[in-house]
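Coordinate inspection notes
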Amino acid sequence: MANEQHLLSTEIVNRGIESSGPNAGSLTFSVRVRRRLPDFLNSVNLKYVKLGYHYLINHAIYLATVPVLVLVFSAEVGSLSREELWRKLWEDARYDLATVLSFFALFVFTLSVYFMSRPRSIYLIDFSCFRPSDEFKVSKEEFIELARKSGKFDEGSLEFQKRILQSAGIGDETYIPKSVIASADNCATMKEGRAEASAVMFGALDELFEKTRIRPKDVGVLVVNCSIFNPTPSLSAMIINHYKMRGNILSYNLGGMGCSAGIIAIDLARDMLQSNPNNYAVVVSTEVVGYNWYQGRDRSMLIPNCFFRMGCSAVILSNRRRDYHRAKYRLEHVVRTHKGADDRSFRCVYQEEDEQGFKGLKVSKDLMEIGGEALKTNITTLGPLVLPFSEQLLFFATLVWRQFFSSGSGVMNPKKPYIPDYKQAFEHFCVHAASKGVLNELQRNLELSESNMEASRMTLHRFGNTSSSSIWYELAYLETKDRVKSGDRIWQLAFGSGFKCNSLVWRSMRRNRKPARSPWLDCIDRYPVQF
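Residue numbers here run from 1 along each chain, matching the order of that chain's written sequence. Only residues with pLDDT of at least 70 are given local features in this predicted model, and only at 80 or more are side-chain atom pairs given and counted; all residues enter the totals for whole chains, interfaces and linings. Here the side-chain values reflect all heavy atoms present in the structure, with hydrogen atoms and water set aside.

In the annotation of an unreviewed UniProt entry, the entry for the protein chain reads 3-ketoacyl-CoA synthase, and the organism field reads Cucumis sativus.

Have a look at this one:
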């Protein structure tokens, strides 16, 4: 138990004035103990750093040989005057034409192989985030009142959800399908699921096609991710049918992959674009909240009810060189981490039925600890790809020092490794808006400022946890605030069941001014807010 105390945090909670009993009229308090993310930067494993450097080592032969060849060529050419150089070239071409032609052919062949094997640049043309109509807007008080009127929850379950909502960091303007809690009947049906999926997906896609002026028939790759709701025909088939897309479209439907599936979908779309030139790819990320609404009494399964809200994002990618000038961002890196081989990680977010037979997502009490391990692996792999050389050198040196001298006397062994400053690698951070507690721990571990975390916190407050689409609501917040300038680097970090942690790195191609269409337009002046 002593070894786990550093993973716990305590909080004094004001429970108000006691209404009855021997302490009636007195102010009462309780102590809440929570698990928190481990200091994953202070327990970095060297093997994860190797994964990041593996990308660089693959190109080490070019980094080593090109400077040598340049020096040799420069030394040879530098020893000749301009007249001697031209005379030598002319004589070689005159008396040894076969050698010159062979050299030229080899040069052209090498250049062709290089450009043909070079990965295509992937551009983000634009994206959109769906904003439901006001009839779906529910405050925290309305949420509890509707849940009480539905008759699906006992008083203990209602009180538990109320306490969670008060500390969740969620505001009073989030969106939820009211039918799932306002009706005494079971509304988690295929019909209701399809209705919600159609509303959010088609709403986001209509806006995307209108903003980009790209026709649905021009899209060659379609990737849809939704973790919970996976009907037959698939969600991707619903989109193809609705927009009458072309018959040879490459469509994919990702299910059961949690809140980080949006990044996995981008990675899949990138791979498809690499092998299919001159194409567009559309990625749709959503979660159908109502289909997995839990109405039982298991508190570990009631937690998702309090956090997850309606939302959807649609992104259009291109590998066409002609889109260079119209693109908003260029994809720099994708780093994916999967901890599913570990049993605890595999079951930390698990869909099942409770004792009453009600279906829901069961959230393990070890979620924070397991998430910390996945985050540690992911950011350690990402570091060598994005950090400045000075940060990499200090980080790697102290890490190796700890690795080889940890068993010594401890006199020369530092207490903890050098923590890289990721603020030097990125101008903007879009961290999955899972909950207030998770964002607090991430900010502490990565030593980020309030400004760095603003987009994530405000998205959680305004829209709640919209699962895999939350990182796009955060980027929309930054754009609507007119903060994204040309050359800025954006880090999108998401994590979810499995357990997975994934990162996207984008570079802004131009200054992205306040957009004409955004889910934040009517409320951006009120943000940031304190909560």
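Notes on the packing of helix H16 (residues 450–463) against helix H17 (residues 470–480)
Closest axis-to-axis distance for the H16/H17 pair is 9 Å, and the angle between their directions is 110 degrees. When the axes of H16 and H17 are compared, the pair comes out roughly perpendicular. The handedness of the crossing between H16 and H17 comes out as right-handed. On H17, the residues touching Glu454, Ala455, Ser456, Met458, Thr459 and Phe463 of H16 are Ser470, Tyr473, Glu474, Tyr477 and Leu478. In this description, a line fitted to the C-alpha atoms serves as the axis of each element, helices being fitted only across the stretch in contact, and the angle between N-to-C directions of two axes falls anywhere from 0 to 180 degrees. For helices the rule is a DSSP run of H or I covering at least 4 residues; for strands it is a run of E covering at least 2, with both sets numbered from the N terminus onward. If an angle is under 35 degrees, it is roughly parallel; if it is over 145, roughly antiparallel; if it lies from 65 to 115, roughly perpendicular; otherwise it is oblique. Crossing handedness: left-handed means the near helix sits turned counterclockwise from the far one by under a right angle, and right-handed means the same turn made clockwise. Residues count as neighbours in contact if any of their non-hydrogen atoms are within 4.5 Å of one another.

Things to note about the packing of helix H6 (residues 155–167) against helix H11 (residues 299–307)
Contact geometry for H6 and H11: axes closest at 10 Å, N-to-C directions at 50 degrees. Considering their axes alone, H6 and H11 lie oblique with respect to each other. The hand of the H6/H11 crossing is right-handed. Contacts from Gly156, Ser157, Phe160, Gln161, Arg163, Ile164 and Leu165 in H6 reach Arg299, Leu302, Ile303, Asn305, Cys306 and Phe307 in H11. Three classes are used, and their members are as follows: Ala, Val, Leu, Ile, Met, Phe, Trp, Tyr, Cys and Pro are nonpolar, Asp, Glu, Lys and Arg are charged, and the others, Gly among them, are polar. Across the contact of H6 with H11, the residue classes tally to 7 nonpolar, 4 polar and 2 charged.

A look at the environment of phenylalanine 209
Following the sequence through the fold, phenylalanine 209 ends up in helix H8 (residues 190–212). Along the primary structure phenylalanine 209 and alanine 314 are separated by 105 residues, whereas in three dimensions their C-alpha atoms are 9.6 Å apart.

Remarks on the packing of aromatic side chains
Think of it this way: a Phe, Tyr or Trp ring, Trp meaning its six-membered ring, pairs with another when their centres are within 6.5 Å, and the plane angle makes it stacked under 30 degrees, edge-to-face over 60, tilted otherwise. All chains considered together, the criterion is met by 17 aromatic pairs. The interplanar angle of 75 degrees and the centroid separation of 6.0 Å between the aromatic rings of phenylalanine 426 and phenylalanine 429 together place this pair among those described as edge-to-face. Per-residue accessibility, obtained with a 1.4 Å probe over protein chains only, is compared with the maximum for each type, and a residue is labelled buried under 20%, exposed over 50%, and partly exposed between these values. Since its relative accessible area comes to 3%, phenylalanine 426 is described here as buried. For phenylalanine 429, a relative accessible area of 3% gives the class buried. Site record: aromatic cluster; members linked through ring pairs are Tyr175, Phe463, Tyr473, Tyr477, Trp520 and Tyr527.

Notes on the side chain of arginine 309
Relative to the elements of secondary structure, arginine 309 occurs in the loop between H11 and strand S9 (312–318). Buried and without a salt bridge, arginine 309 has aspartate 172 as its closest oppositely charged side chain, separated by 8.5 Å. Residues adjacent in sequence count toward polar contacts only when both atoms are side-chain atoms; beyond that, a polar contact is any pair of N or O atoms within 3.5 Å, and within protein one must be able to donate a hydrogen and the other to accept it. At 3.0 Å, the side chain of arginine 309 forms a polar contact with the side chain of threonine 174. If we skip the residues at most four places from it in the chain, arginine 309 touches Phe143, Leu165, Thr174, Tyr175, Ile176, Val289, Phe463, Gly464, Asn465 and Thr466. Within this scheme the basic residues Lys and Arg register as positive and the acidic residues Asp and Glu register as negative, but His and the chain ends are omitted. For this analysis, a salt bridge means a side-chain nitrogen from Lys or Arg found within 4 Å of a carboxyl oxygen belonging to Asp or Glu.

Section: the nonpolar core
We call a set of buried residues a nonpolar core when its members are Ala, Val, Leu, Ile, Met, Phe, Trp, Tyr or Cys and they connect through side-chain atoms within 4.5 Å of each other. Membership of the largest hydrophobic core comes to 80 residues, with the highest contact counts inside it found for Met201, Ile239, Val284, Leu317, Trp472 and Trp506. If we ignore the near neighbours within four places in the chain, the residues touching isoleucine 239 are Met201, Phe202, Leu205, Leu222, Val224, Met245 and Val284. With 52 residues, the next largest nonpolar core counts Ile164, Ala168, Leu385 and Ala433 among its residues.

Some points on the pattern of salt bridges
Enumeration according to the criterion identifies 34 salt bridges in this entry. Glutamate 207 serves as the salt-bridge partner of lysine 211, at 3.8 Å between the closest nitrogen and oxygen. Of this pair, lysine 211 and glutamate 207 both sit in helix H8, 4 residues apart, which is roughly one turn of the helix. For lysine 211, a relative accessible area of 26% gives the class partly exposed. Among the salt bridges present, the one from arginine 489 reaches glutamate 427, with a minimum N-O distance of 2.7 Å. In this pair, arginine 489 sits in strand S14 (residues 489–496) while glutamate 427 sits in the loop between helix H14 (389–405) and strand S13 (428–431), placing the two residues 62 residues apart along the sequence. Through salt bridges that share partners, Asp126, Glu207, Glu210, Lys211, Lys328, Glu479 and Arg517 make up one connected network.

As for the UniProt feature "transmembrane region" (unreviewed entry) in the protein chain
UniProt positions are given in the numbering used here, feature names are shortened, and annotations may be inferred rather than shown by experiment. UniProt marks residues 55–75, 95–115 and 249–269 with the feature "transmembrane region" (unreviewed entry), using the numbering shown here. From the first C-alpha to the last, residues 249–269 spans 12 Å; its make-up is 43% helix and 24% strand.

With respect to the confidence of the model for the protein chain
A score between 0 and 100, pLDDT records how confident the predictor is in each residue. For the protein chain, the mean per-residue pLDDT works out to 82, and 73% of the residues sit at or above 70. Counted against residues more than four places away or in other chains, residues 1–8, with its pLDDT under 50, gives 12 contacts.

Some points on H17
Of all the 11 residues making up H17, 11 are buried; the element is thus mostly covered by neighbouring parts of the structure. Listed in full, the buried residues belonging to H17 are Ser470, Ile471, Trp472, Tyr473, Glu474, Leu475, Ala476, Tyr477, Leu478, Glu479 and Thr480. Residue aspartate 482 follows H17 closely and has a positive phi angle near 60 degrees.

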